Amino acid sequence: MTLTTPAGHGSALVPVKDPVLEIRNLSVDYGYDADPVHVLRDVSLTLGRGEVLGLAGESGCGKSTLAYAATRLLPPPGLITGGEVLFTDRDGTTTDILRLNDTQLRASRWQDLAIVFQGAMNSLNPVFRIGRQIADGIRAHRPEVSQQEALERSAELLELVGISPDRLRSYPHQLSGGMRQRVMIAMALALDPQVLIMDEPTTALDVVMQRQIVEQIADLRDRLGFSVVFITHDVSLLIEIADRIAIMYAGEIVEDAPALDIYHRPRHPYSSALLHSFPPLRGPRRELSGIPGSPPDLARLGAGCPFRDRCAFAFDACATVDPGLTIPDVAGDDPRRAVACLRHDAAAVRAAGFEPQPVPVELSLR
Amino acid sequence: MRFIGRRLAFYVITLWAAVTINFFIPRLMPGDPVKALIAKNQGRISTDAMDSLYALFGLDQQVPLWQQYLDYWRTLLSGDLGVSFAYFPTPVSDLINQALPWTVGLVGVATIISFVIGTLIGTGIGWRRGTWADSLLPISTFFSAVPYFWLALIAIFVFSVTLGWFPASGSYDRSLVPGWSWEFVGSVIYYGTLPALTIVISSIAGWILGMRNMVVTVSSEDYVTVAQAKGLSERAVRTGYAARNAVLPQVSSFALSLGFIVGGTLIMEMVFSYQGIGFMLFNAVNAKDYPLMQGCFLVITIAVLVANILADFVYAALDPRTRQEG
Amino acid sequence: MTVDITLIEEDQVTGPSGAPMTGVMPSVPRRRRRPGRFVFLRNSKAVAGLVILGFFTLIAIVGPWIAPYDPSAQSDDILQPPSWEHWMGTTHLGQDVLSQLIVGTRGVMVVGFVAGILATFIGVVVGVTAGFIGGVGDESLSALSNIFLVIPQLPLIIIIAGQLPSAGGLTVAVVIAVTGWAWGARVLRAQTLSLRKRDFVEAARANGERTWRIVMAEILPNLTAIIASGFVGTVTFAVLSLITLAFIGIGSGGDWNWGTILFWAQSQLALQRGAWWWFIPAGLCIALLGMALTLINFGIDEFVNPRLRSTGLHARTLRKRGIRPRIGFTPVVHRAPGAEAGTAASVARSTSAPFAKEDRA
C-alpha cells in the first residue's frame with residue numbers, strides 16, 4: 001500500500017506552455033496474469049513544442065517503456081493499465097493516443113509522432129532496399145504520391161542526414177552502423193512529424209559517430225522545428241543537447257528540470273549521485289563515487305520511495321510515503337522544476353504523520 | 001554469385017559421393033547374386049550388356065579396384081545403366097525414362113501445392129496469436145505423425161473401396177492409349193487425385209507448423225515493430241516484413257526435406273501402384289533386380305539434387321544477403 | 001561446470017530496443033521461480049506425450065507375456081472381425097491381430113530407440129566436433145553431413161537393406177542410424193559454434209582447461225535441450241522408416257512389428273476385402289506413437305524458445321479481459337476509477353473507443 005502525496009501529481013507544478021505531447025498518469029504492467037509487474041506507476045511527463053527533452057536513467061528504469069507505451073508500441077506482454085497521452089496538433093486539437101482505434105492510430109502514426117529505434121542493426125527489414133523502406137512509410141499515409149515521387153523524397157531525406165542518394169538502392173546489410181542509424185533518422189523525418197522520439201540513438205555507435213549524429217539531430221531540429229524526446233543512459237550527452245532533462249528511476253520520474261539546472265544544481269539524491277559518477281574532463285581530480293547497491297526488483301517493490309535503499313539522505317518517512325513530483329524546497333529555484341523526494345515535500349511528510357527532515361546541502365546548491 | 005557457385009560445387013561433390021556409395025554397395029555384399037543371375041541368362045545377354053554389368057557390379061575379380069572405379073564412371077557417363085533382370089532385356093535407362101515423368105508430375109504438383117497452402121495458413125496462424133487457430137496445432141501434429149502410406153491406405157479404403165469415388169490403383173485408365181488427348185489427360189488427373197491429396201494432407205502440417213514458428217519468431221524482431229510504428233497497413237506488415245523474412249528458413253527446410261519428401265512419395269506410389277519411379281524401385285527390390293535398383297537410386301538422387309539447386313536459386317532470389325560480393 | 005541459463009532463457013522479455021531489461025523483468029508472466037527442469041514438465045503437451053510414450057514402453061517390455069495368443073499361431077478363424085475371443089479380429093491365417101500388435105510393439109520401440117541413440121550419438125560427435133574445432137576439420141565434417149542430408153534417405157536405406165542377404169531388426173536399426181544422423185549434426189554444429197564464442201567458454205580456455213574437458217563440462221550441458229529434441233526427432237524418423245521398410249517387405253526377419261502387420265494386410269488385399277480391423281489399428285498405433293514423440297518435441301521447443309509459448313495464459317481469459325496481444329498495438333485496459341491495482345474491477349476499453357477530441361484554447 002502506498003500513500004500518494006495529497007498535493008496530487010503536477011497540480012502544484014507550473015504547466016508547460018504550448019505542450020505538444022502530454023503523458024498523464026501513465027501506468028504500465030508487464031504480464032497478463034493475476035500477478036503482473038507494475039513497471040510504470042502513474043508517470044507524468046510533458047513535452048513542449050520545439051523543445052528537446054532528455055529522458056535519462058539506468059537500464060531497466062523504464063525510460064524506453066515509457067516512450068513505447070505512450071505510442072502503444074510496447075510488445076507483449078506489455079499492458080497499459082491507465083492514464084492518458086495527449087497529443088496537441090499545430091491547429092490546437094488534442095487527441096488521446098490511448099483511446100484511438102486501430103485505424104485512427106495507424107493514420108496518426110509517423111505523421112504526428114515518429115520514433116527512431118535503438119539498435120539500427122535490426123530495425124531495418126533485411127530484404128528490402130532502404131529506398132523502398134523509406135518510401136513505403138510515405139505512401140502509406142499519402143497514397144496519392146507515386147512510387148517515383150516517394151523515392152525522390154527519400155533521396156532528399158538521405159541527403160538531409162548526410163548520406164549519398166545513390167545509396168537508395170542499397171540493402172541494410174551493405175551499410176555501416178552509423179549509416180543505418182542515419183537512415184532511421186531520415187525515415188522518421190519523412191512525413192515532417194511534430195514529435196521525434198529517439199531511443200538511445202547513439203548507444204551502439206563509437207564516440208566520433210555519436211558526435212556526428214548528435215550534431216545532425218540538433219541541426220535538423222533547428223531547421224525543421226520538431227520536438228524531440230531523447231532517451232539515453234548517458235546524462236552527459238543530454239546536458240549538451242537537451243533543453244530539459246527528466247531522470248527516471250525504477251519506473252518513476254524522480255526529477256524534471258532544465259538541463260543546466262540538473263547539471264549544476266541537482267535536487268534529487270539520485271540525480272546528484274548520477275552526476276557525480278561522471279568524471280569531469282577538467283578541474284581538480286576527485287574520487288569517483290558510484291551508487292551503492294543495484295536497482296530494485298520491480299516485481300517486489302515495497303511501499304515508499306524506490307530509491308530509499310541506496311539513498312544517502314533517506315529517513316523514516318521514506319519507507320512508507322511514496323514521493324510525488326513537487327517543486328523543490330529551495331528558494332530561488334526555477335518554478336518549472338519538479339522533484340520527487342520527501343526531503344523537499346515537508347507537507348506530504350507531515351500529512352503522513354512523520355517528522356519532516358530539511359533539504360541536505362548537496363541537494364540545495366545554487 | 002559466389003553463393004550459387006559454392007552450392008553447385010557442393011552438389012557435384014554430393015553426386016560423386018552418391019555414385020561412389022552405389023559403387024561400393026554391391027562389392028561389399030557377401031555372396032554374389034549378380035553372377036548367378038548372369039549365369040542363368042547366359043545365352044541371352046549380348047557382350048556389351050555383359051561388359052556393362054561387369055563394370056557396374058565389379059564381377060571380374062582380376063581387375064583392380066581403382067580400375068573398376070574408372071570403368072564404373074565411364075559406363076555411367078555414357079548413359080548406360082545396365083540391363084534389367086526383371087524386364088530382361090530392356091535397358092534400365094529406358095525403364096527409368098518411362099517412369100520418371102509420372103513421379104515428377106505427381107510429386108512436383110502435390111509438394112508445391114502442399115508447401116504453398118501450408119505456408120499461407122502458417123502465416124495466418126502465426127500472425128494472429130492467441131486465437132482459436134492455435135488449437136489446430138495438435139490436430140495437425142496427429143496428421144504429421146501418421147506415415148504417408150497408412151494415410152494412403154485409409155484414403156483408399158474410404159474413398160475408393162467404400163465410396164467408390166476414386167480408383168484404388170493405377171495411374172490412368174488402362175483402356176486408354178497414352179497421348180495428349182483430353183480424355184487421357186483427364187484420366188491422368190482423375191487417377192492422380194487421390195495420391196496427390198494424400199501427399200498434401202500428410203505433409204501440409206509440417207509446413208504450417210514450420211511457417212507458424214518462423215512468423216512468431218520474426219514478429220518479435222525490431223523491424224516488424226518499426227513497420228507498425230510507420231503506420232503501414234496490417235497486410236503490408238504481415239506480408240512484406242514478417243512473412244517475407246519468415247519464409248527464408250522455410251525455403252531452406254524445404255530444400256533439406258526434399259530427400260524425405262521423395263521417400264514418402266515413393267511409398268505412395270507403391271500403395272497406389274502408381275507407375276512412377278518409386279513403384280519401379282519397389283518391384284526391383286522384390287525381384288532382386290539389382291541393376292534396376294541401382295539405376296533408380298542414382299536417378300532419384302540426381303532428381304533430388306536438381307530440386308535442391310532450384311530451391312537454392314529461389315533462396316538466393318529472396319534473400320539479398322546471399323548476393324553479397326566477397 | 002557452468003550451465004548457462006541464459007541460453008535457455010535467452011528470449012527474455014526485452015524492450016523494443018532489443019537490449020535485455022536486466023534485473024527487473026520476469027521472463028514469463030507467471031510466478032517467478034528459478035527456471036529449472038521442471039518447467040518442462042508443466043507443459044501439458046509434453047506431459048501428454050510422455051504418458052503415451054510410457055504406455056507404449058510398458059507394452060514393449062511386458063508384451064510377449066500379456067499377449068493372449070502367440071502372434072504367429074495360426075487358427076481356423078480366418079479373417080474374423082473383432083470378437084470376444086479376438087479383440088481385434090484375425091488375419092488371413094487366423095492369427096490374432098491384437099497379439100501381433102502387442103508383440104510387435106517391442107520390435108518397433110527397440111529398433112526405434114537403438115537407431116535413435118546411435119544416430120544421436122554420431123550426430124553429437126560429428127556436430128560438436130565440427131563446431132568446436134573449426135577450420136578445415138569443420139569444413140570437411142560439414143560437407144560430410146550435408147552430403148548425407150541431401151542424399152534421399154529412404155531410397156538409400158532401401159538399396160542397402162535390399163542388397164543385404166538378410167536384414168534383421170538390429171541391422172535395420174544400424175542402417176537407419178548411419179543414414180539419418182546428419183540433421184542432428186547440423187543443428188548441433190550451429191549451436192556449438194555460437195556457444196564457443198560465449199564468454200564462459202573463453203574463460204575456461206583462458207584458464208587452461210583442456211579442450212576435452214571444456215567440451216564435456218561447459219558445452220554439452222548447454223546443448224541438452226537440443227540434443228533431446230534431436231533424439232526425439234530421430235526416434236520418430238527411425239520408427240517411421242522401420243515401419244515403411246517392413247511394409248515394403250524389407251528387413252524384419254522373423255520379428256513382428258507394426259509394419260509387418262501392414263505388409264501382410266496389404267499383400268492379402270485387406271482393403272479390398274474390407275478387413276478394416278487388420279490395417280487400421282496398426283496405423284493408429286504408429287500415429288499415436290509418432291504424435292506422442294512430436295508432442296514431447298513441442299514441449300522441448302517451447303521450453304527452449306519461450307516466444308513460442310502461447311503467452312502463458314489461456315486465450316479465453318485474455319479475451320474476457322479484452323486483451324489481444326499484438327505487435328505494434330499494445331492493449332489498453334482502463335481500471336474503473338477507485339479500484340486498486342490488481343483487483344478484478346477492470347474495464348476493458350481497448351480499441352473500439354470513439355475518437356476523443358477536446359479543443360484546447
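Residues numbered from 1 in each chain as written. Chains lettered and ligands numbered in written order. Predicted model: local features only at pLDDT ≥ 70, side-chain atom pairs only at ≥ 80, totals over all residues.

What to know about the overall build of chain C
For chain C, the helix and strand inventory stands at 15 helices and three strands. Within chain C, the fraction of its 361 residues that count as buried is 45%. Relative to all contacts within chain C whose residues are 6 or more apart in sequence, the contacts with residues 24 or more apart total 68%. (Helix = DSSP H or I, 4+ residues; strand = E, 2+ residues; numbered from the N terminus. Buried ≥ 20, exposed ≤ 12 C-beta atoms within 10 Å, placed from the backbone. Contact = placed C-beta atoms within 7 Å.)

Here's the deal with the interface of chain B and chain C
Listed as interface residues are 57 residues of chain B and, on the opposing side, 48 residues of chain C. Counting only elements with at least two residues in the side of chain B that touches chain C, the list comes to α1 (2-28), α6 (136-145), α7 (148-162), α8 (182-219), α9 (222-229), α10 (234-272), α11 (277-286) and α12 (290-318) of chain B. No other element matches the nine residues that α12 of chain B contributes to the side of chain B that touches chain C. By residue class, the composition of the side of chain B that touches chain C is 36 nonpolar, 18 polar and three charged. (Nonpolar A, V, L, I, M, F, W, Y, C, P; charged D, E, K, R; others polar.)

A closer look at the packing of α7 of chain B against α10 of chain B
Two quantities define a packed helix pair, namely the angle between the helix axes and the distance between the axes. All names here are of chain B. Following both chains from N to C, one finds α7 and α10 inclined at 30°, their axes separated by 9 Å at the closest point. Taken together, the axis directions place α7 and α10 in an arrangement best described as roughly parallel. Regarding α7 and α10, the two cross each other, and that crossing is right-handed. Between α7, through Y148, F149, A152 and L153, and α10, the contact on the second element is made entirely by G264, I267, M268, V271 and F272. Its residues assigned to classes, the contact of α7 with α10 shows eight nonpolar, one polar and no charged. (Axes fitted to C-alpha atoms, helices over the stretch in contact; angles between N-to-C directions. Parallel < 35°, antiparallel > 145°, perpendicular 65-115°, else oblique. Left-handed = near helix turned anticlockwise from the far one by under 90°.)

Describing the sheet that holds strand β4 (residues 52-56) of chain A
Residue and element names in this part refer to chain A. Judged by pairing direction, the sheet is mixed, and its seven strands sit side by side in the order β7-β8-β9-β4-β10-β11-β13 without closing on themselves. The open sheet has two edge strands with one neighbour each: β7 (113-116) and β13 (338-339). Relative to strand β9 (residues 227-232), strand β8 (residues 195-199) is paired through five bridges, and the arrangement is parallel. Bridging across to β9, L196 finds its partner in V228. (Pairing = 2+ DSSP bridges.)

Thoughts on the environment of R196 of chain C
All names here are of chain C. By the secondary structure assignment, R196 is in helix α8 (residues 182-196). Under the C-beta neighbour-count criterion, R196 is labelled partly exposed, with 19 such atoms within 10 Å. Distance in space between the C-alpha atoms of R196 and I214 is 9.9 Å, their sequence separation being 18 residues. Apart from residues no more than four positions distant in its own chain, R196 is found in contact with G131, F132 and V201.

Focus: helix α3 (residues 130-141) of chain A
Buried residues dominate α3 of chain A, accounting for 10 of its 12 residues. Within α3 of chain A, burial applies to I130, G131, Q133, I134, A135, D136, G137, I138, R139 and A140 of chain A. The secondary structure elements touched by the buried residues of α3 of chain A are α4 (147-160) and α5 (177-188) of chain A together with α10 of chain B.

As for the domain arrangement of chain A
Residues and elements named next belong to chain A. What the domain assignment reports for chain A is domain 1 (19-242) and domain 2 (248-363). One C-alpha centre belongs to domain 1, the other to domain 2, and the line joining them spans 29 Å. Tallying the contact residues gives 20 residues for domain 1 and 14 residues for domain 2. Of all the secondary-structure elements, those providing two or more residues to the side of domain 1 that touches domain 2 are β3 (37-48), β4 and α7 (235-241). The element that contributes the greatest number of residues to the side of domain 1 that touches domain 2 is β3, accounting for seven residues. Classifying every residue of the side of domain 1 that touches domain 2 by side-chain character gives 11 nonpolar, six polar and three charged. (Domains from an automatic or database assignment.)

Remarks on the nonpolar core
Counting residues in each nonpolar core, the largest one holds 283 residues, and the members touching the most others are V229 of chain A, A152, L281 and C296 of chain B together with L242 of chain C. Here the element with the most residues in this core is α10 of chain B; it accounts for 18 residues. Composition of this core by domain shows at least three residues from each of domain 1 (19-242) and domain 2 (248-363) of chain A. Beyond its immediate sequence surroundings of up to four residues, C296 of chain B is in contact with I96, I277, M280, L281 and A284 of chain B. (Core = buried A, V, L, I, M, F, W, Y, C linked by C-beta atoms within 7 Å.)

Concerning the environment of A227 of chain B
All names here are of chain B. Checked against the element boundaries, A227 lands in helix α9. Each C-alpha atom, one on A227 and one on S114, is 30 Å from the other, the two residues being 113 residues apart in sequence. Each residue touching A227, except ones within four places of it in the same chain, is listed here: L232, V237 and Y241.

Quick word on the pairing of strand β6 (residues 93-96) of chain A
Regular strands place their side chains on alternate faces of the sheet. Residue and element names in this part refer to chain A. Examined bridge by bridge, strand β5 (residues 78-88) and β6 share three bridges and lie antiparallel to one another. Pairing of T88 across the sheet is with T94, part of β6. Counted along the chain from β5 to the antiparallel partner β6, the turn is four residues long, and its residue G92 has a positive phi close to 100°.

Topic: unusual backbone geometry
With the exception of glycine, most residues fall at negative phi, and the peptide bonds are largely trans. Residue and element names in this part refer to chain A. The omega torsion of the bond from P76 to P77 falls at 5°, within 30 degrees of zero and hence cis. Inspection of the secondary structure assignment puts P77 in the loop between α1 (63-70) and β5. A positive phi angle, near 60°, is found at R72, a position not held by glycine. Position of R72 among the secondary structure elements: in the loop between α1 and β5. In this structure, W110 is a non-glycine residue whose phi angle is positive, near 75°. Position of W110 among the secondary structure elements: in the loop between α2 (102-108) and β7.

Regarding helix α4 (residues 65-77) of chain B
Residue and element names in this part refer to chain B. Between its first and last C-alpha atoms α4 spans 18 Å; for 13 residues at 1.5 Å apiece the expected length is 18 Å, and the two agree. Q68, Y72 and L76 are the residues of α4 that are buried. Mapping the buried residues of α4 onto a view down its axis gives an arc of 70°, with all of them on the same face. Along α4, the residues that are exposed and aim more than 90 degrees away from the buried face are W66, Q67, L70, R74 and L77. Just downstream of α4, G79 is the residue with a positive phi angle, here 85°. (Expected span 1.5 Å × (residues − 1). Arc of directions from axis to C-beta.)

With respect to the packing of helix α11 (residues 224-248) of chain C against helix α12 (residues 258-267) of chain C
All names here are of chain C. The contact between α11 and α12 brings their axes to 7 Å, and the two run at 30°. Judged by the angle between their axes, α11 and α12 are roughly parallel. At the point where α11 passes α12, the crossing takes the right-handed sense. In this structure, α11 contributes L242, I243, T244, L245, A246 and F247 to the contact, and α12 contributes W258, G259, T260, L262, F263 and Q266. When grouped by side-chain class, the residues that make up the contact of α11 with α12 number eight nonpolar, four polar and no charged.

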